Amino acid sequence: TDFIRRADFAEAGQALAALARANCQGSVEVQKMIVPPGGTLANASPAPSGWQFSASTTAADTSIVAPETASTTVGGDGRVRFGLAFTNSATSGAVQIQGTQQAGYQVVPIGSGTDARNARCVNAETNTPIPVTNAGTASHPGFSVMGTSEVQVSCQIFNTRTPLLVPGLELD
């Protein structure tokens, strides 16, 4: 039988917490949200199935737990999740998330000017904002965020339908 013996409850609690964290490697969850035409981020709703994302890293001692690509699914609330693994005592590493932009949609930036970002991320447990930097291209927009062991990073990306332009039609 396995057991842990410590001098007091405080030490026992620390030992149990260390055991619980031993296999916690962290993750990045991405939720695609759709802003209705003329709406705001507050009006956004989860994307339907079919939005594809990929995760990658160039950080030493950090890797993405397979699969490295995922798509939103029916009933999935517009969410995909990428597990992270750290080796050689590393506890964090930059993770790049890219989405495949669907025809008829465009990214809705969060913020404006030089502060505009393709996503917003928080520590899922504390709701503390986590900085992101823009990455990718127009056809594969994305962002980079620091993934950390023991932390689930929760991110949102907003899209809206691209306005339809009808040749020869002018609106006053």
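Residues numbered from 1 in each chain as written. Predicted model: local features only at pLDDT ≥ 70, side-chain atom pairs only at ≥ 80, totals over all residues. Heavy atoms only, no water.

(A) A look at the overall build of the chain. Across its full length, the chain carries one helix and 13 strands. When each of the 172 residues of the chain is scored for burial, the buried share is 34%. At a minimum sequence separation of 6, the contacts of the chain that also span at least 24 residues come to 63%. (Helix = DSSP H or I, 4+ residues; strand = E, 2+ residues; numbered from the N terminus. Buried < 20%, exposed > 50% of the residue type's maximum accessible area, 1.4 Å probe, protein only. Contact = heavy atoms within 4.5 Å.)

(B) Looking closely at the sheet that holds strand E12 (residues 141-148). Here we have five strands laid out as an open sheet, ordered E5-E3-E7-E12-E11, and antiparallel in their pairing. Each edge of the sheet is formed by a strand with only one pairing partner; in this case those strands are strand E5 (69-71) and strand E11 (132-136). Ignoring which end each strand starts from, the neighbouring axes of this sheet average 30 degrees apart. Sheet topology places strand E3 (residues 52-56) next to E5; three bridges connect them, and they run antiparallel. Note that in E5 the partner of Ser54 across the bridge is Thr69. (Pairing = 2+ DSSP bridges. Axes fitted to C-alpha atoms, helices over the stretch in contact; angles between N-to-C directions.)

(C) Region of interest: the state of the cysteines. Enumeration over the complete set of coordinates arrives at one disulfide. Two residues, Cys121 and Cys155, share a disulfide whose sulfurs are 2.1 Å apart. On the sign convention where negative is left-handed, the bridge of Cys121 and Cys155, at about 110 degrees about the S-S bond, is right-handed. Here Cys121, found in strand E9 (residues 120-123), pairs with Cys155, found in strand E13 (residues 152-161); they are 34 residues apart in sequence, far enough to count as distant. When its relative accessible area of 3% is taken as the criterion, Cys121 is described as buried. (Disulfide = S-S within 2.5 Å.)

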